[in-house]
Amino acid sequence: MILSASRRTDIPCYYSEWFMNRIRAGYVLTRNPMNHAQLSRIAITPDVVDCIVFWTKDSGNIISCLPELDRMGYNYYFQFTLTPYDRTIEPNLRNKTKIEEAFIELSKHIGKERVKWRYDPIIINASLDIAYHKLHFLRMCEKLSPYTNTVTISFVDMYPKLRTKLILPITEDKITELSAFIGKTAKEYGIRAVACCEKNDLTPFGIQKASCIDRELIERILSERAKPEKIALDTLFPDRNQREGCGCCESIDIGAYNTCMNGCIYCYANNDPVSTARRHKAHDPNGELLFGAVGENEKITIRKVKRDARILSYNK
């Protein structure tokens, strides 16, 4: 089982204490985001979790927890979103220089292969023009290239919720120009550039299709603990619950929508700032759920999970 923590909210930044409490308890409760009354109990012990994929914009609050995860035998890597935007776009994040230093500290702790840099979504407006992105992508490649192997990009999706003049449609010409620059610059700094769920074919610019829940990377991480034979994750399949073009493997997400306090104006996971603030305030680090409690008449279903059989045989 691959544990995703989380596409729906920034668990490392805001809920790392809760996450570690659930790890110690060995299970977590989640609600189906499409059916609030449907709850699942999920075992998250090391014998069933092949790998944890963390998604974050700031790892500062979780890095002190990683030695404990290591001692318990968990495998993990990070999808770390780091953009050059200020608080008009990402209003509640720390100073970006401090977050860049957190990125570097994380990489020094766990290795550059396990910290994937996400330069996404790419937003164009009057201030964030092509020249701005070229300037900052180059600067960030120079600073971060010793600490990551991969940069994932995507151009912002103009879904109906984005009713703001701060995010404008991106023309095909601008996509082409910026993709060519990103592909060339990333290669010069020894970084592999990949694109997440892009409809445009960016391979002519040296930008391949991304797999954020990355089977090949997970196999490499696991093989370090299963020498001398190579791990093969036979039970991982493409995730049919993600949007078109997604290259991810199946995972179980333990986050919840409308709980992330980053406040990014492009975010699809929060649609009600008032509800988000209320849920965050009511959060209990000792709770079984990320927010709220199980109702008196609500039924909890035990979700069947297991680790890949071949991994178990190598790690005995």
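Residues numbered from 1 in each chain as written. Predicted model: local features only at pLDDT ≥ 70, side-chain atom pairs only at ≥ 80, totals over all residues. Heavy atoms only, no water.

**Overview of the sheet that holds strand β2 (residues 27–32)**
Part 1 of the argument: The strand order across the open sheet formed by three strands is β2-β3-β11, and the pairing between neighbours is mixed. The sheet is open, and its two edges are formed by β2 and β11 (300–302), each paired on a single side. In this sheet, neighbouring strand axes are inclined to one another by 30° on average, regardless of whether the strands run parallel or antiparallel.
Part 2 of the argument: Looking at chain direction, β2 and strand β3 (residues 35–43) are connected through six bridges and run antiparallel. Residue pairing for β3: T30 is matched across the bridge by S40. (Pairing = 2+ DSSP bridges. Helix = DSSP H or I, 4+ residues; strand = E, 2+ residues; numbered from the N terminus. Axes fitted to C-alpha atoms, helices over the stretch in contact; angles between N-to-C directions.)

**Structural notes on the sheet that holds strand β7 (residues 150–155)**
Part 1 of the argument: Strand order in the open sheet formed by eight strands is β9-β8-β7-β6-β5-β4-β1-β10, with parallel pairing between adjacent strands. If you trace the sheet from one side to the other, it starts and ends with β9 (208–209) and β10 (252–253), each paired once.
Part 2 of the argument: As judged from the two bridges shared by strand β1 (residues 2–5) and β10, these two strands associate in the parallel manner. Bridge assignment links S4 to a residue of β10, and that residue is D253.
Part 3 of the argument: Packing of helix α6 (residues 172–188) onto the sheet brings it into contact with β6 (115–122), β7 and β8 (192–195), and relative to β7 it is tilted by some 175°.
Part 4 of the argument: This element, helix α7 (residues 215–223), spans β1, β4 (51–56), β5 (76–81) and β6 of the sheet and lies at about 140° to β5. (Contact = heavy atoms within 4.5 Å.)

**Here we look at the side chain of N75**
Part 1 of the argument: Here N75 lies in the loop between α3 (66–72) and β5.
Part 2 of the argument: The exposure class of N75 is buried, given its relative accessible area of 3%.
Part 3 of the argument: Reaching out from N75, the side chain makes a polar contact with the backbone oxygen of D50 at a distance of 3.2 Å. (Buried < 20%, exposed > 50% of the residue type's maximum accessible area, 1.4 Å probe, protein only. Polar contact = N/O pair within 3.5 Å; in protein donor to acceptor, adjacent residues only side chain to side chain.)

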